[in-house]
Amino acid sequence: MPTWNSRGLRGSTLEEFINRTNEKYLENGLALIQKIPTPITPVQMDRDSRQITLAYFEQKSTVDYIGAVQGIPVCFDAKECQTDTFPLQNVHEHQVQFMEDFERQGGVAFIIIFFSNRDIFYYMPFSDIKRFWERNVSGGRKSVRFEELDEKFFFRMGGGVMVPYLEPLQLDLSTRD
C-alpha cells in the first residue's frame, strides 16, 4: 500500500497556486471549486512536533478538485511535470473512470499540467486524456510528448490569478459538440 511520505511534496506548489486561484475566482463570483482531501490513516507521528511522519491512504482518490464554474460542474486533477514528457502512470485508471462518469453526467473533466521546465501550464481536456489513456492501455506509448499537445490549450500565469484555467475551460466548452 502506498505511504503518504513516499512521494514527498510533489505538486504541492502547483496545488497551492491553484488553491489561491480558486480563492480569487470565488471572491469574484466566477467559480466555486474545492480541493478534495485524500483521507489518510496515520501510522507514525513525531512526538515532539505532533506531526504525522508516516501514513497510508485509506482509499483511492478521485480527482484533486471539484466544483462549479458559472453553473457548469467541473472536476480536475493537477499534475506537475519536470520534462517534456508527461508519464501516464501519473494518471490512474480509477481517476480516468471517475472523470468519464463525471462527463457522462454533464460535467467537464480535465487535467492541469504544469511543465515546470518550461514554466507553462497545459489544460488537457478529457477527450485527450481518454485518447492518450486508451493508447497507453492498448500497448502504445506510456507517456505524452510535449509536441503532441494542442498549442491552443497552453497558458501562463496572468490575469490577476496564478493559474488562469477559466480561459482554456471556455475554449474547451466552445469546441464540444
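Residues numbered from 1 in each chain as written. Predicted model: local features only at pLDDT ≥ 70, side-chain atom pairs only at ≥ 80, totals over all residues. Heavy atoms only, no water.

1. Quick notes on the pattern of salt bridges
In a structure, side chains of opposite charge can pair up when their charged atoms sit close to one another. This model, assessed by the stated rule, comprises 16 salt bridges. K35 is paired through a salt bridge with E15; the nearest N and O atoms lie 3.6 Å apart. Taken together, the residues span a long stretch of sequence, with K35 in strand β1 (residues 31-35) and E15 in helix α1 (residues 12-27) at a distance of 20 residues. The shortest N-O distance in the salt bridge between R20 and E16 comes to 2.5 Å. With a gap of four residues between them, R20 and E16 both fall in helix α1, about one helical turn apart. Given the relative accessible area of 41%, R20 is considered partly exposed. Judged by its relative accessible area of 32%, E16 is partly exposed. A single network of salt bridges, built from pairs that share partners, joins E100, D101, R104, K130 and E134. (Salt bridge = Lys/Arg side-chain N within 4 Å of Asp/Glu carboxyl O. Helix = DSSP H or I, 4+ residues; strand = E, 2+ residues; numbered from the N terminus. Buried < 20%, exposed > 50% of the residue type's maximum accessible area, 1.4 Å probe, protein only.)

2. Brief notes about the packing of aromatic side chains
Enumeration over the complete set of coordinates arrives at 13 aromatic pairs. Ring geometry for F76 against Y165: centres 5.0 Å apart, planes inclined by 50°, an arrangement best described as tilted. Within this pair, whereas F76 is found in strand β5 (residues 72-81), its partner Y165 is found in the loop between β10 (154-155) and α4 (166-174), the two being separated by 89 residues in sequence. An identical accessibility class is assigned to F76 and Y165; each is buried. Within the aromatic cluster, the residues linked to one another by ring pairs are Y25, Y65, F76, F110, Y123, F153 and Y165. It is K35 that lies over the ring of Y65; its NZ or CZ is 5.6 Å from the centre. Lying over the aromatic face of F132, R131 brings its terminal NZ or CZ to 4.4 Å of the ring centre. (Phe/Tyr/Trp six-rings, centres within 6.5 Å; stacked < 30°, edge-to-face > 60°. Lys NZ or Arg CZ within 6 Å of the ring centre and 35° of its normal.)

3. Details of the sheet that holds β1
Strand order in the open sheet made by the six strands is β1-β4-β5-β7-β8-β10, with mixed pairing throughout. Only two strands of the sheet have a single partner each, and these edge strands are β1 and β10. In the sheet, strand β7 (residues 108-115) pairs with strand β8 (residues 120-125) via six bridges, with the strands oriented antiparallel. Note on β8: the bridge partner recorded for F115 is I120. (Pairing = 2+ DSSP bridges.)

4. A look at the confidence of the model for the chain
Here the chain shows a mean pLDDT of 88. Residues at 70 or above account for 85%. Between residues 1-11, whose pLDDT stays under 50, and residues either more than four places distant or in other chains, the model counts 17 contacts. (pLDDT = per-residue confidence, 0-100. Contact = heavy atoms within 4.5 Å.)

5. Examining the pairing of β7
Two faces belong to every sheet, and in a regular strand the side chains alternate between them. For β7, the tally of buried residues reaches eight of eight residues, placing the bulk of the element in the interior. Of the two faces of β7, the one carrying V108, F110, I112 and F114 and the one carrying A109, I111, I113 and F115 are both buried. Relative to β7, β5 runs parallel, the two being bridged by eight bridges. Paired with A78 across the bridge in β7 is I112. The hairpin formed by β7 and β8 contains four residues between the paired strands, and D119 there has a positive phi angle of roughly 55°.

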